[in-house]
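# Architecture at a glance
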Amino acid sequence: MPKRRRPSSSSQCQDFLADGVPESHQRLLEHVLANNARLSKVKIARLPHGTGIVASERVKKNEEITFIPKSLLVNLHDIPFPNSSPIDHPTKVHSSLAAYIASQFHKSDNNDPFISILPSFSSFKSSMPLFWSNEVLDNCSPWVRSFAIKQQEKLKDDYAHALKMHGERGVEFSKEEYEWAWAAVNTRTIYYRPKKWYKVPAEDCMTMCPFIDYYNHDAKGDESCTVSFSIDGLRVTTQKEYSVGEEIFVTYGEYNNDHLLVEYGFTLPKNQADNMNIDHWVLPKLSSRHQEILKEISFHGYAFTFSQTVMYSGSDLMISVDGDSEYLLDENEVCYRTMMALRLAVIKESMLGKGKRYKDFMKLVEGGMEEDDYVKLYEKDEKKVGELLEEVLKAVEEFGEEKTANLRRMLEREEFLDQKESIKSAIGRWRQCIDIIAKHRAKNN
Ligand SMILES: C[S@@+](CC[C@H](N)C(=O)[O-])C[C@H]1O[C@@H](n2cnc3c(N)ncnc32)[C@H](O)[C@@H]1O
């Protein structure tokens, strides 16, 4: 962490603080302003969804509103841990950053202004599915459950690595402090890739950036501010005008609400990038031979196995999480992969590998036939595909309603009193998914 240079007066800091913001944030402001951060026309504010940034005066399009110099960034290049620089790849960046933050927090004389503004562990525990109980996770969608379990495993591995790498060198933190710090890193890092790190994989450039991490996410990529980096630091620039008091967002990426929920612990009520993974309901419509063919032609949505205990198989889930091998449904359409899987599903198993229809299907896969021509030629099949899709949608709905009912019953039980927030959040996500299906039907029938 950088040394403090010149003190900033508290009246200067007041310009960047809305009423009611706790004092710890003023110390953070003093710290960044004393270290050459540039803030313009912005304020830290308490908002219904937590802390965020609002315009303190009218802001124009294309204005730089925040600049944080490189010296204020917290990443593996700067923290004083041996063998932790991303230059010495391979390393476990998330693990080591969390160890650093946890160990700073652990010190009895800790008064690091950056660490003191991080959210409490209880807020991470209630909002992030990886900390939810098995009972709650069992009532989430298979994708949310699988991704949360994968994160639990990563946290466990990262903790073991941190104990080995840093614990043995006398760096102290408790398991709870580590878990809290790991969640803070997970939700508050940016990939900062200055030139000399160009060979370092993006995920190893995870960087915490004081003040820029106050900006909340909006999916509107073309309206949200851009965050750009240069050799001297990180800057936030507007892409539209803001009036006084309006919240200013950046975009964390084009993520659906399942992804936002698991990675960041929230969903957007209106998310134009929202969709849901329907692998769990499409795959049972396909025999193992159908599935083999889909794998051969890379149209298989193989994110999940169907055992109740293991819902994913390692790298398969990563492919799925990266978003290009899933069966996806949004309010407008199902993805092309889903359509192709269902088109194959309506070809009888005995006809797979032979006959004109199968050959035409393969032509479509290989780009030798236009989709419109295939649809015209196999009109009856397309009708069956529509019916099969409706069966899938019904199955998702029934599953979602059943899980919602379970969650509602849990809300009434005393033993789940301390899990109310996570249960409500899981119910909220199911309502959004059921709404996606309703809108999809309304637009397509
Ligand atoms: C980088 S921090 C942003 C600042 C944060 N709100 C705070 O209180 O410090 C990311 C976290 O903010 C919250 N967040 C970000 N965007 C949000 C949004 N649009 N709605 C609700 N919560 C949001 C989530 O808890 C997320 O994990």
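Notes on the structure in this doc start here. Keep in mind the model is a prediction, meaning the values are calculated, not measured. (Residues numbered from 1 in each chain as written. Predicted model: local features only at pLDDT ≥ 70, side-chain atom pairs only at ≥ 80, totals over all residues. Heavy atoms only, no water.)

For the coordinates displayed, the defined rule picks out 15 aromatic pairs. Taken together, a centroid distance of 6.3 Å and an interplanar angle of 80° make the contact between Phe 211 and Tyr 215 edge-to-face. Three or more aromatic residues joined by ring pairs form one cluster here, namely Tyr 252, Tyr 255, Tyr 264 and Phe 266. (Phe/Tyr/Trp six-rings, centres within 6.5 Å; stacked < 30°, edge-to-face > 60°.)

This part takes up the site of the ligand. Neighbouring residues of the ligand: 13 residues in total, closest Thr 51, Arg 188, Asn 216, His 217 and Tyr 264. Between a nitrogen atom of the ligand and a side-chain N or O atom of Asn 216, the distance comes to 2.8 Å. Between the ligand and His 217 there is a distance of 2.8 Å, counted from a nitrogen atom to a backbone nitrogen or oxygen. Counting residues per element, the ones that place at least two in the shell around the ligand are α8 (175-188) and β7 (216-217). Looking at side-chain class alone, the shell around the ligand contains six nonpolar, five polar and two charged residues. (Near = heavy atom within 4 Å. Polar contact = N/O pair within 3.5 Å; in protein donor to acceptor, adjacent residues only side chain to side chain. Helix = DSSP H or I, 4+ residues; strand = E, 2+ residues; numbered from the N terminus. Nonpolar A, V, L, I, M, F, W, Y, C, P; charged D, E, K, R; others polar.)

Turning our eyes to something else, we now look at the environment of Glu 176. If you trace the backbone, Glu 176 turns up in helix α8. A relative accessible area of 46% places Glu 176 in the partly exposed class. Sequence-wise, Glu 176 and Phe 121 are 55 residues apart; in three dimensions their C-alpha atoms are separated by 8.4 Å. Here Glu 176 is in contact with Phe 121 and Lys 125, once residues within four sequence places are set aside. (Buried < 20%, exposed > 50% of the residue type's maximum accessible area, 1.4 Å probe, protein only. Contact = heavy atoms within 4.5 Å.)

What follows is about the packing of helix α7 (residues 142-165) against helix α9 (residues 257-264). Two numbers describe how α7 lies on α9: the axes approach to 10 Å, and their chain directions differ by 25°. The orientation of α7 relative to α9 falls into the category roughly parallel. Both α7 and α9 take part in a crossing whose hand is right-handed. Across the interface between the two elements, Trp 143, Val 144, Phe 147, Ala 148 and Gln 151 of α7 pack against Asp 258, His 259, Leu 261, Val 262 and Glu 263 of α9. Here the residues of the contact of α7 with α9 are counted per class, giving six nonpolar, two polar and two charged. (Axes fitted to C-alpha atoms, helices over the stretch in contact; angles between N-to-C directions. Parallel < 35°, antiparallel > 145°, perpendicular 65-115°, else oblique. Left-handed = near helix turned anticlockwise from the far one by under 90°.)

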